[in-house]
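What the coordinates show
Listed below are the residues making up each chain.
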Amino acid sequence: MKYAILSDVHGNLEALKVVLAKCMEVQVDEYISLGDIVGYNANPKECLDRMRSLKLVGAVKGNHDEYAASNDNTMEGFNPHARTAVIWTKSQLPPEDRAWLASLPMRLTIKGTLITAVHATLDSPDTWGYIFDVHHAADNFAYQFTPLCFIGHSHVPVAFCKKPIALYSERMITEIEEWVDKNPSPGAFLKADSVSIDLEPGFKYLLNVGSVGQPRNKDPRASFAIYDSDVKVVTRYRLPYDIRTAQEKIIASGLPERLASRLERGT
Ligand code: ZN
């Protein structure tokens, strides 16, 4: 069974189309949404329609989904661009879509699988914290009872694994660096369109799949993952898409210009 795990689509239809085409090509069976389907980019309604039409076996709520679903416009902690985008996004969504977003759980163990899904963190999913290092990963692992946990939220792919006690030597939790492209050579960075991890029995994995619609790891390509449960491999894909069109739509919608310019920088 192949599961596609998509996070932080953020209303970017151009990126989502390319991602879903790849999923069709590699014959994904089922889909998992890690939240923030809306916000920032110009096609929240279209992205919601596409996501909801998939064979979704699990979907959790992101902070932008929560704010888009809420009637509160104060949005403490949001920067002005994000706030403007949320208010605009609300105006684009019919009540039924906002009700669907409101109904999503914060975290979910997906029935019949070894997968837990959460937008931000398992230890405190509704405070929207970030996981960037092994210390934050350790907090999350304490609440992770399945071998696999997929997260999003930071828009920066990271990966950690926790070895079983029996194999404990110097460090139980380590970062899986190849998932992240740390210090890549310039050419290699832009060439490789996927990276795979072979899952070891007894290990736990915490994987941030990156963002489909607004990557912030300085690689502007759409990022997502596919888990193949038959061969126990998780692959993260990086796909180029039509950034120019996504940018033009942002400008035409009257959304902040910075939301367009950041797409090509991947920031
Ligand atoms: Zn997000």
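Presented here is an overview of the structure given in this document.

Conventions used here
- Every chain's residues receive numbers from 1 upward, in the order its sequence appears when written.
- Given that this is a predicted model, residues contribute local features only at a pLDDT of at least 70 and side-chain atom pairs are listed and counted only at 80 or more, while totals for whole chains, interfaces and linings are drawn from all residues.
- To get the side-chain values, take all heavy atoms of the structure and skip hydrogens and water.
- Pairing of aromatic rings covers Phe, Tyr and Trp, the last through its six-membered ring, and needs centres within 6.5 Å; plane angles under 30 degrees mean stacked, over 60 mean edge-to-face, and all others mean tilted.
- Helix and strand definitions follow DSSP, with helices as H or I runs of at least four residues and strands as E runs of at least two, each counted in order from the N terminus.
- Per-residue accessibility, obtained with a 1.4 Å probe over protein chains only, is compared with the maximum for each type, and a residue is labelled buried under 20%, exposed over 50%, and partly exposed between these values.
- Either the NZ atom of lysine or the CZ atom of arginine qualifies as a charge over a ring when it sits within 6 Å of the ring centre and within 35 degrees of the ring normal.
- Two strands pair under a simple rule: DSSP has to find at least two bridges between them.
- Axis definition: a line fitted to C-alpha atoms, limited for helices to the stretch in contact. Angles are taken between N-to-C directions and run from 0 to 180 degrees.
- A 2.8 Å cut-off from the metal defines N, O and S donors, relaxed to 3.2 Å for Na, K and Ca; water is not in the atom list, so some sites may appear incomplete.
- The geometry test gives tetrahedral to four donors whose angles all lie between 85 and 135 degrees, gives square planar to four donors and octahedral to six donors whose opposite members are over 155 degrees apart with all other angles between 65 and 115, and gives irregular to the rest.

1. So, the packing of aromatic side chains
What characterises a pair of aromatic rings is the spacing of the ring centres plus the angle enclosed by the ring planes. Taken as a whole and judged by the stated rule, the model has four aromatic pairs. Note on Tyr3 and Tyr227: the rings are 5.9 Å apart at their centroids and 15° apart in plane angle, and the pair reads as stacked. Within this pair, whereas Tyr3 is found in strand S1 (residues 2-6), its partner Tyr227 is found in strand S11 (residues 222-228), the two being separated by 224 residues in sequence. Side by side, Tyr3 and Tyr227 carry an identical accessibility label, which is buried. Each ring, one from Phe203 and one from Tyr205, has its centre 6.3 Å from the other, and the planes form 20°; the classification is stacked. Of the two residues examined, Phe203 and Tyr205, each falls in the buried class. It is Arg236 that lies over the ring of Trp179; its NZ or CZ is 5.9 Å from the centre. Sitting above the plane of the Tyr40 ring, Arg262 keeps its charged end 5.8 Å from the centroid.

2. What about the environment of Leu54?
Checked against the element boundaries, Leu54 lands in the loop between helix H2 (44-53) and strand S3 (56-59). Taking the C-alpha atoms as reference, Leu54 lies 24 Å from Val195; in sequence the two are 141 residues apart.

3. A word on the sheet that holds strand S4 (residues 107-109)
Across the sheet, six strands lie side by side as S4-S5-S6-S10-S7-S8; this open sheet has mixed pairing. At either end of the open sheet lies a strand with only one pairing partner, and these are S4 and strand S8 (173-175). Pairs of neighbouring strands in the sheet enclose a mean axial angle of 15°, with direction left out of account. Bridge count between strand S5 (residues 115-118) and strand S6 (residues 148-151): three bridges; the pairing is parallel.

4. Structural notes on the coordination of the zinc ion
Within the first shell, the zinc ion binds the protein through Asp8 (OD), His10 (NE2), Asp36 (OD) and His155 (NE2), at distances of 2.1 to 2.4 Å. Each of the four donor atoms around the zinc ion contributes to a set of angles spanning 86 to 179°, which defines the coordination as irregular. Within one chain, the residues donating to the zinc ion are spaced in sequence as D-x1-H-x25-D-x118-H. One end of the pair, Asp8, is in the loop between S1 and helix H1 (13-25); the other, Asp36, is in the loop between strand S2 (30-33) and H2, and 28 residues separate them in sequence. Residues Asp8 and Asp36 agree in their burial class; the two are buried.

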